[in-house]
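# Understanding the architecture of this molecule
So the chains spell out like this:
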Amino acid sequence: MLDTTSFAILPSEKSNPKETMHDIFSIMSYEWDGKILTGNLSKGVFTLYFINDRTMRFICNLFGEVDISKSIAVIQEDSFMEGSLTETEDFLKLYFGLNEVILLKEKFSIIVKQKGQIVFQTSYPTVSYSSKKHIYFSINKPPKAPIYGLGEKTGFLDKNGAKISNWNTDVFAPHNKDTIELYQTIPFMMIHELTKTIGIFFDNTYRTEFDMQTYWDKLTIMAEGGQIDSYIIIAENIKEVVMAYTDLTGKTPIPPKWALGYHQSRYSYMTQSEVEDLVQKFKKYQIPVDSIFLDIHYMDGYRVFTFDEDRFPKYGDLIKNLKEQQIDIVPIVDPGVKKDFDYWVYREGVENEYFSKYFDGTIYHGEVWPGVSAFPDFLNQKVQKWWGGLHRFYTDLGIRGIWNDMNEPSVFNETKTMDLDVMHNQDGKKITHREGHNLYGLYMSKATYDGLKSNLSNCRPFVLTRAGYAGIQRFAAVWTGDNRSYWEHLEMSLPMIMNMGLSGVSFAGADVGGFSSDTTPELLIRWTQVGAFLPYFRNHSVQDSIYQEPWAFGKDTLQSVKKYIELRYRFLPYIYTLFYEGEKTGLPVVRPLVMEYPNDPETFQCSDEFLLGSQILIAPIVRPGKTRRSVYFPEGTWYNFWTDEKIAGGQYYLIHADLNTLPLFIKEGTILPLGTPVKNTKEKQDIELFVYLSDDKEITGYLYEDDGISFNYRNQEYKITTFRMEEDYQVISESQGRYTKGSSVISTKIIGR
């Protein structure tokens, strides 16, 4: 406990010994085949090529041969642009389309030019290594340029000036600016300037560190092992970078529509009767809900793929009855498998060598919720298939969604995870946990997703994960883990989720009300207002905290919370359309203002406002007792959603918002499709169009629809309706696609006449 007192900063005369650094000086030789440049450095080897006009891949291995194969993060097909090469005494010069690449032979550096202007440049020493064989990659950066991305990190939107490391970690202690390592590792960042944006994906699964603090004019990326494997994306703006990055790592598939409704959770609803009572209260108060979560207490001794029949004596009937009421049950499934030879899952894992082992073949055991447990080696495809098949236990009951937790993996020991010398069998390639740790949650989510997809006939799975790596968006939604009922955590969730979206992970959210500590009526209201407009919307709280269901604080709080849950369902047609757009383009559902307004410096540091798509601006109240806040409106005219008041953009306004009001604004020229009130996503909605006039912009909107559950939309069984307002104020619609059960437009309201 002394580390939480001043004892932690006892004065010391000792200085930390510095590692000896070794710089790589020069190119010794090279080979060029018309597409790929390979070369020998004064130490190590490198490979450089362009995938397309935007994306260059640079790989350098200082201790072995270059491995050009792709990690699980990258799904883009191998592609090599043709180029040309010239050589002088001092440098190599390559041309790939619009890109001119200069490699300095001495003081090895890489410069990329477009139209004669430098758009990317490494900083000497471009590559180096330490006495611990940590590798370093250095890149020039403008001192004041904002840096975005890096996934799930605390602090403000702009990460310039920070030092951020990546090692998936279970952190229950209160998250704050200094909580650098959380549950996700996404080593992707972008440097934004007025005229260009550069994306850097450093595809290395060891512990990494992005140092944007030590030097004002460069950033250094360190990895504790492996090779430098970097994808450099050169684009005009943030949107283009995100689209190129998600071309590389995959896009978020359209979720089942029920996954976008309101979800209610607690650690834990302890018994079957408590779950039944919970559902009855949703019905009593007529609050929409799509899913109830079961935390670890539903299991028999915390054994995954079991139910405790004392607590849940008729669990099959419970799931069936809730399904008939259009409510999905989502149980938690952790990776730890209890060491118990009478437990069939453990026995199968041992007999078939499915668990993670030391080099000598001994199974690794660590303590988690069930006690001493073994951990599946998810990096092995055979194990993935086995684990996925185990989920038939759930799918045969009618369950369509799974919640993966503790999958960093978390272990109850001083290191918080497996021993680093545990080995993983990555389909024949043996790697240590030092290399595989950050991949564990991604592979578990993949196994879960693939298992559900196989077990459910033509049904989109829903997987929610705490841990992951780049590419996790292909398999799971992500929530920001064990937050607290702090106003600061409400505020911090906004840039976290925006940076997740900029890092390819569009389907993300935070526990509404806060997971740990005790929420208050005011905080629950304000957090529900925000959650209603985030991609993932779940209320979740810890055992021994006060309950925070919508009715927990009396009538007034209930009415306000219910209002915003209902509003979520009104906006679902628009939100669902954004998920369709995201699967096609890779653009996130929730966006920082700078994504849509990249040339407006006022948006660069804006962490407490966000855009839902491109047309809706949300500026939440994130401080207690406040009913006014400053809101920045980008260029154009905006409409107050509640009052229809017009607001001229390009300036700040002081906006009033009482406790029941979320500051919410619609961009001029928008035709917004809102759904009629429903109690869950399975009910059919009609559409009401809200038309926000503009004096000089085309007035348009569109609506995407499908059956909400199957993969048939990938065979054109969808309906896309485009709306356009004519000069006589008539709205014209045109539809395409083969889905025939779309919603009816029952009313049109014109705002701004």
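Scroll up a little and you will see the structure.
Residues numbered from 1 in each chain as written. Predicted model: local features only at pLDDT ≥ 70, side-chain atom pairs only at ≥ 80, totals over all residues. Heavy atoms only, no water.

## Looking at the overall build of the protein
If you tally the helices and strands in the protein, you get 12 helices and 48 strands. The globule rule puts the C-alpha radius of gyration for 753 residues at 27 Å, and the 26 Å found for the protein is close to it. When burial is assessed residue by residue, the protein has 61% of its 753 residues classed as buried. The long-range fraction of contacts in the protein, counting pairs at least 24 apart against all pairs at least 6 apart in sequence, stands at 68%. When the accessible area of the protein is evaluated, it comes to approximately 29200 Å², of which 48% is carbon and sulfur surface. Charged side chains of the protein number 79 positive and 98 negative; the gap between the two group centres comes to 2 Å. (Helix = DSSP H or I, 4+ residues; strand = E, 2+ residues; numbered from the N terminus. Rg over C-alpha atoms; globule rule 2.2 N^0.38 Å. Buried < 20%, exposed > 50% of the residue type's maximum accessible area, 1.4 Å probe, protein only. Contact = heavy atoms within 4.5 Å. Areas by Shrake-Rupley, 256 points an atom, 1.4 Å probe, with all protein chains shown as cover. Lys, Arg positive; Asp, Glu negative; His and termini not counted. Charge placed at Lys NZ, Arg CZ, Asp CG, Glu CD.)

## Quick word on the sheet that holds strand 21 (residues 291–294)
What the nine strands build is an open sheet, ordered 32-31-29-26-22-21-20-34-33; its pairing is parallel. Edge positions in the open sheet fall to strand 32 (508–509) and strand 33 (511–512), since each of these has one partner strand only. Taken together, the two bridges between strand 22 (residues 328–333) and strand 26 (residues 401–404) define a ladder with parallel strand orientation. The residue of strand 26 that forms the bridge with Val333 is Asn404. Sheet strands in contact with helix 2 (residues 272–284) are strand 20 (263–264), strand 21 and strand 22, and its direction is about 155 degrees off that of strand 21. (Pairing = 2+ DSSP bridges. Axes fitted to C-alpha atoms, helices over the stretch in contact; angles between N-to-C directions.)

## Observations regarding the sheet that holds strand 40 (residues 646–648)
Taking strand neighbours across the sheet as the criterion, the six strands line up as 35-36-37-42-39-40 in an open arrangement whose pairing is antiparallel. Edge strands, defined here as strands with exactly one partner in the open sheet, are strand 35 (590–591) and strand 40. When strand 37 (residues 616–618) meets strand 42 (residues 664–667), the two strands line up antiparallel, connected through three bridges. Bridge assignment links Leu617 to a residue of strand 42, and that residue is Phe665.

## A few points about helix 11 (residues 555–585)
With 31 residues, helix 11 extends 43 Å between its outermost C-alpha atoms, agreeing within 8% with the 45 Å of an ideal straight helix rising 1.5 Å per residue. In helix 11, a bend of some 55 degrees at Leu572 exceeds every other bend along the element, and Pro573, a proline, comes one to four places later. Burial analysis of helix 11 places 24 of its 31 residues in the buried class, the great majority of the element. Looking one or two residues beyond helix 11, the residue adopting positive phi is Gly586, at roughly 90 degrees. (Expected span 1.5 Å × (residues − 1). Bend = angle between axes of the 7 residues up to and from the residue.)

## A word on the packing of aromatic side chains
The geometry of an aromatic ring pair is captured by two quantities: the separation of the ring centres and the angle between the planes. The final tally for this structure, using the stated rule, is 54 aromatic pairs. Both rings, one in Phe50 and one in Phe96, keep their centres 4.8 Å apart while their planes meet at 25 degrees; by these two values the pair is stacked. In this pair, Phe50 is assigned in strand 4 (residues 45–50) and Phe96 in strand 7 (residues 91–96), connecting sequence segments 46 residues apart. The exposure class assigned to Phe96 is buried, which follows from its relative accessible area of 0%. Ring centres 5.1 Å apart and planes at 65 degrees place the aromatic pair Phe378 and Tyr440 in the edge-to-face group. Of this pair, Phe378 sits in the loop between strand 25 (371–374) and helix 5 (381–390) while Tyr440 sits in helix 8 (residues 440–455), placing them 62 residues apart in sequence. For the pair Phe378 and Tyr440, one class covers both residues: buried. Geometry around Tyr215 places Lys218 over its ring, the cationic atom sitting 4.4 Å from the centre. Sitting over the ring of Phe711, Lys453 keeps its end group 4.9 Å from the ring centre. (Phe/Tyr/Trp six-rings, centres within 6.5 Å; stacked < 30°, edge-to-face > 60°. Lys NZ or Arg CZ within 6 Å of the ring centre and 35° of its normal.)

## Focus: the pattern of salt bridges
When the charged atoms of two side chains lie near each other, side chains of opposite charge can form a pair. Counted by the stated rule, this structure contains 35 salt bridges. Close ionic contact of Lys682 with Asp290 constitutes a salt bridge, the shortest N to O distance being 2.8 Å. One end of the pair, Lys682, is in the loop between strand 43 (671–675) and strand 44 (687–692); the other, Asp290, is in the loop between helix 2 and strand 21, and 392 residues separate them in sequence. Arg466 is the partner of Glu408 in a salt bridge, and the nearest nitrogen-oxygen pair spans 2.7 Å. (Salt bridge = Lys/Arg side-chain N within 4 Å of Asp/Glu carboxyl O.)

## A closer look at the nonpolar core
The tendency in soluble globular proteins is for nonpolar side chains to be buried side by side. Residues Ile292, Trp387, Phe462, Phe533, Phe571 and Leu612 are the most contacted members of the largest nonpolar core, which totals 175 residues. Sorting elements by how many residues they give to this core places helix 11 first, with 14 residues. (Core = buried A, V, L, I, M, F, W, Y, C linked by side-chain atoms within 4.5 Å.)

## What to know about unusual backbone geometry
Pro125 follows Tyr124 through a cis peptide bond whose omega is -5 degrees. Here the residue pair Tyr267 and Ser268 is connected by a cis peptide bond, since its omega of 0 degrees sits within 30 degrees of zero. Within the fold, Ser268 resides in the loop between strand 20 and helix 2. Even without being glycine, Gln286 reaches a positive phi, approximately 55 degrees. Looking at the secondary structure, you find Gln286 in the loop between helix 2 and strand 21. Despite not being glycine, Gln326 shows a phi value in the positive range, around 65 degrees. If you trace the backbone, Gln326 turns up in the loop between helix 3 (315–324) and strand 22.

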